[in-house]
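Residue-level structural notes
Residue-level listing of the chains:
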Amino acid sequence: MKNNPVVPYILILAFGIGLIFFMSLQGADNKKEIAAEHEGGGETTTETTDANADGSALVQSCIGCHGGDLTGSMGPNLHGLDEAHIVEVLTKGIEGTPMQPNMKTEEEAKAIAEYISTLE
């Protein structure tokens, strides 16, 4: 009587499917936490806020739309914009765009605006 060579493959396949299933359950349990992190709504500590006070680290959330050097991509070029305008957009948003109201606090918006105004 010979062993069937397909059995190990079926066992590995069943184990893989089970592993994927249980990992997806873990992800479903953490769905809100993961979404908050991707939206930038995760918890911030005083240390994080202090480290980002200069604005250079805060612009990381801008890179996705405005490009790595903030000269424009899906969103417009940010170089040369007035600081007051940047603060207004970050706090009040622009209707019909991904720039929603209250994206940044007033303090964060001012730090970002100051940093962007130094770029050439």
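Being a predicted model, the structure only gives us computed values, none of them experimental.

1. With respect to the overall build of the protein chain
A tally of helices and strands in the protein chain yields six helices and zero strands. Secondary structure elements of the protein chain, listed N to C terminal, follow the sequence α-α-α-α-α-α. Here the protein chain holds 120 residues, and 20% of them are scored as buried. Considering only residue pairs separated by 6 or more positions, the protein chain has 39% of its internal contacts joining residues 24 or more positions apart. Of the roughly 9300 Å² of accessible surface on the protein chain, a fraction of 59% belongs to carbon and sulfur atoms.

2. A short note on the nonpolar core
Counting residues in each nonpolar core, the largest one holds 13 residues, and the members touching the most others are Val59, Leu70, Ile86, Leu90, Ile112 and Ile116. Mapped by element, the contributors of at least two residues to this core are helix H5 (83-92) and helix H6 (106-117). The contact partners of Leu90, leaving out residues within four places of it in the chain, are Met99, Gln100, Asn102, Met103, Lys104, Ala109 and Ile112.

3. So, H5
Burial in H5 covers these residues: Ile86, Val87, Val89, Leu90 and Thr91. Considering only its buried residues, H5 is in contact with H6. The positive-phi residue at the C-terminal boundary of H5 is Gly93, with phi of around 80°.

4. Quick word on the environment of Cys65
Relative to the elements of secondary structure, Cys65 occurs in helix H4 (residues 63-66). Classification of Cys65 by relative accessible area gives partly exposed; the value is 24%. Between the C-alpha atoms of Cys65 and Gly75, which are ten residues apart in sequence, the distance is 5.0 Å. Once you skip the residues sitting within four places of it in the chain, Cys65 turns out to touch Ser73, Met74 and Gly75.

5. Observations regarding the confidence of the model for the protein chain
Here the protein chain averages 76 in pLDDT, while 75% of its residues score no lower than 70. No element of the protein chain has a lower mean pLDDT than helix H3 (residues 46-51), which averages 43, and none a higher one than H5, which averages 87. Confidence drops under a pLDDT of 50 for residues 42-52, and excluding neighbours within four residues, the segment shows seven contacts in the predicted structure.

6. A closer look at the state of the cysteines
Scanning all chains against the criterion turns up zero disulfides. Not part of a disulfide, Cys62 finds its nearest cysteine sulfur in Cys65, a span of 8.7 Å. For Cys62, a relative accessible area of 11% corresponds to the buried category.

7. Section: the packing of aromatic side chains
With the rule as written, the count across this model stands at one aromatic pair. For the ring pair Phe21 and Phe22, a centre distance of 5.4 Å and an interplane angle of 70° mean the geometry is edge-to-face. Looking at Phe21, the relative accessible area reads 47%, which means it is partly exposed.

Parameters and conventions
Every chain begins its residue count from 1, and numbering advances along the sequence as written. This being a predicted model, a pLDDT of at least 70 is required before a residue's local features are given, and a value of 80 or more before pairs of side-chain atoms are given or counted; all residues contribute to the totals for chains, interfaces and linings. The side-chain numbers reported here are obtained from all heavy atoms of the structure, hydrogens and water having been left aside. Segments assigned H or I by DSSP are reported as helices when at least four residues long, segments assigned E as strands when at least two residues long, and all are numbered from the N terminus. Each residue is placed in one exposure class: buried if its accessible area under a 1.4 Å probe, protein chains only, is under 20% of its type's maximum, exposed if it is over 50%, and partly exposed if it falls in between. Contact between two residues is taken to exist if any of their heavy atoms lie within 4.5 Å; hydrogens are not considered. To be clear on the numbers: accessible area is Shrake-Rupley with a 1.4 Å probe, and residue cover counts the displayed protein chains and nothing else. Buried residues of nine kinds, namely Ala, Val, Leu, Ile, Met, Phe, Trp, Tyr and Cys, make up a nonpolar core once their side-chain atoms join them within 4.5 Å. On a scale of 0 to 100, pLDDT captures the predictor's confidence in every residue. Disulfides are defined as cysteine sulfur pairs within 2.5 Å. Between the rings of Phe, Tyr and Trp (Trp by its six-membered ring), a pair exists once the centres lie within 6.5 Å; its type follows the angle of the planes, with under 30 degrees stacked, over 60 edge-to-face, and the other angles tilted.

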